[in-house]
Amino acid sequence: MAFFPLIWLVLAVIAVGAIFVLQPNRHVTWLILISLIILAAGWASLPNNPGIVLDINGDGINELDKPIEIRQGLDLAGGLKVLLEADLPAEAAVDAASMKEVRQIVENRVDSLG
């Protein structure tokens, strides 16, 4: 499994070398480059991805050992829940129409920001 990143590197070098040697038209060049990017992204998102591990001199100690971790954003990691509560004086009366209007204003502001 440690040779897997090395295989990707060799394939990428061969593909880029083939682009320069064969000099295909622009569409084929873009197709090759985009395919390499998609394959690399697919490999990085695998659940059992070992990361980039490389033992150059064969002594059993990895000279390059970089784990690849996917950092989930707030929306994927669990989201955010906000509870807003009206803070009014004790003698103030609140009717349902006022609370509905305030709720609509807050929703419009939040939804407009994504």
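Residues numbered from 1 in each chain as written. Predicted model: local features only at pLDDT ≥ 70, side-chain atom pairs only at ≥ 80, totals over all residues. Heavy atoms only, no water.

### Comments concerning the overall build of the chain
Helix and strand counts for the chain stand at 4 helices and 2 strands. In sequence order, the chain lays out its α and β elements as α-α-β-β-α-α. Across the chain, the fraction of contacts at a sequence separation of at least 24, relative to all contacts at a separation of at least 6, is 33%. Of the roughly 10,100 Å² of accessible surface on the chain, 65% is carried by carbon and sulfur atoms. (Helix = DSSP H or I, 4+ residues; strand = E, 2+ residues; numbered from the N terminus. Contact = heavy atoms within 4.5 Å. Areas by Shrake-Rupley, 256 points an atom, 1.4 Å probe, with all protein chains shown as cover.)

### Considering the pattern of salt bridges
With the rule as written, the count across this model stands at 1 salt bridge. One salt bridge connects R103 with E107, and the closest N-O pair in it is separated by 3.2 Å. Highlighted residues: R103 and E107, both in helix α4 (residues 96-112), separated by 4 residues, approximately one helical turn. Judged by its relative accessible area of 56%, R103 falls in the exposed class. Judged by relative accessible area, E107 falls into the partly exposed class, the value being 31%. (Salt bridge = Lys/Arg side-chain N within 4 Å of Asp/Glu carboxyl O. Buried < 20%, exposed > 50% of the residue type's maximum accessible area, 1.4 Å probe, protein only.)

### Structural notes on the confidence of the model for the chain
On average, residues of the chain score 77 in pLDDT, and 89% of them reach the 70 mark or higher. For the chain, helix α3 (residues 74-77) is the element with the lowest average pLDDT, namely 70, and α4 is the one with the highest, namely 85. (pLDDT = per-residue confidence, 0-100.)

### Quick look at a nonpolar patch on the surface
A surface patch of nonpolar side chains, about 450 Å² in accessible area, is lined by V82, L84, V102, V106 and V110. By the secondary structure assignment, V106 is in helix α4. (Patch = residues over 30% accessible without salt bridge, like charges linked within 9 Å, V, L, I, M, F, W, Y side chains within 5 Å.)

### Focus on the environment of L84
Mapped onto the fold, L84 is located in the loop between α3 and α4. Taking the relative accessible area as the measure of exposure, L84 reaches 63% and is therefore exposed. In this structure, the C-alpha to C-alpha distance between L84 and V106, residues 22 residues apart in sequence, is 9.6 Å.

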